[in-house]
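# Geometric and topological summary
Take a look at the letters that make up each chain.
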Amino acid sequence: LDVTIVGVALPSIREDLGFSETSLAWVVNAYLLTFGGFLLLGGRLGDLFGHRRLFLIGITLFTLASLGCGLAGSQEFLVGARAVQGLGGAVVSAVALSLIVTLFTEPAERAKAMGVFGFVAAGGGSIGVLLGGILTDALDWHWIFLVNLPIGVAVFALTLVLIPSARGQASAGRLDVAGAVSVTAALMLAVYAIVNGNEQGWTSARTLGVLAASAALMALFLGIESRVGAPLVPLGLFRRRNIAISNVVGV
């Protein structure tokens, strides 16, 4: 919802806060940058410290950032709040899938839960375009973010009631700090290069340099994962054909 709901409101945001055509893209890009960058780290933190706990933290962060976006009166504040919103969204998205796998142990029930998750994700993207137009036209652009507040509060309350608390593996495992830093930096640089490609030029020295830095960090990450005792991503996973093929097709 929060990726697509913003698109229709961008002209109103630009006019109200005085964005240039170039800087306006960062209302979208700031969210994508932190969302894409922190997905892996968010999932691992959930494994270590408990999926329910991280889910609640992510929902709280996302909801407060949505409030910040809705109250934003300057370009810098809005872009900063969008970045925090992306961070919260990354934690929620990564941990939500882990919760589904943990809570639904029967294959048929798990498949049904994954189906609902996929339906809601696709539906949110479709509804966002329509809802963004309605809210911007009937009220103003601030409400495309403020609409998240009642949803966030409801999700937080229902999580406390419906999802059982479970301890993480913090005592049994540890965070692969070097791997986390290298892959998060690599992903953020890659997203940065991609979202700026049209503006900077796809063959410009800046774009190619950032992509090269991202590739170098990713190579470093793979080297770290092959040697560390508790890897962020066990590379043996990719020997499984289904996982390898689905990732290649996804990319």
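Residues numbered from 1 in each chain as written. Predicted model: local features only at pLDDT ≥ 70, side-chain atom pairs only at ≥ 80, totals over all residues. Heavy atoms only, no water.

### What to know about the side chain of Ser204
Here Ser204 shows up in the loop between α9 (197-200) and α10 (205-227). Overall, Ser204 belongs to the buried group, its relative accessible area being 18%. Reaching out from Ser204, the side chain makes a polar contact with the backbone oxygen of Gln200 at a distance of 3.2 Å. There is a polar contact of 2.8 Å between the side chain of Ser204 and the backbone oxygen of Gly201. (Helix = DSSP H or I, 4+ residues; strand = E, 2+ residues; numbered from the N terminus. Buried < 20%, exposed > 50% of the residue type's maximum accessible area, 1.4 Å probe, protein only. Polar contact = N/O pair within 3.5 Å; in protein donor to acceptor, adjacent residues only side chain to side chain.)

### Topic: the confidence of the model for the protein
Scored by pLDDT, the protein comes out at a mean of 86, with 97% of its residues at no less than 70. Across the protein, element-level confidence peaks in helix α3 (residues 51-71) with a mean pLDDT of 93 and bottoms out in α9 with 81. (pLDDT = per-residue confidence, 0-100.)

### A look at the packing of aromatic side chains
Using the criterion set out here, one finds three aromatic pairs in the structure. A centroid spacing of 5.8 Å and a plane angle of 15° characterise the contact between Tyr31 and Phe35, whose relative ring orientation is stacked. In this pair, Tyr31 and Phe35 both sit in helix α2 (residues 26-49), four residues apart, roughly one turn of the helix. Their ring planes at 85° and their centres at 6.3 Å tell us that Trp141 and Phe145 sit as a pair that is edge-to-face. The two residues Trp141 and Phe145 agree in class, both being buried. (Phe/Tyr/Trp six-rings, centres within 6.5 Å; stacked < 30°, edge-to-face > 60°.)

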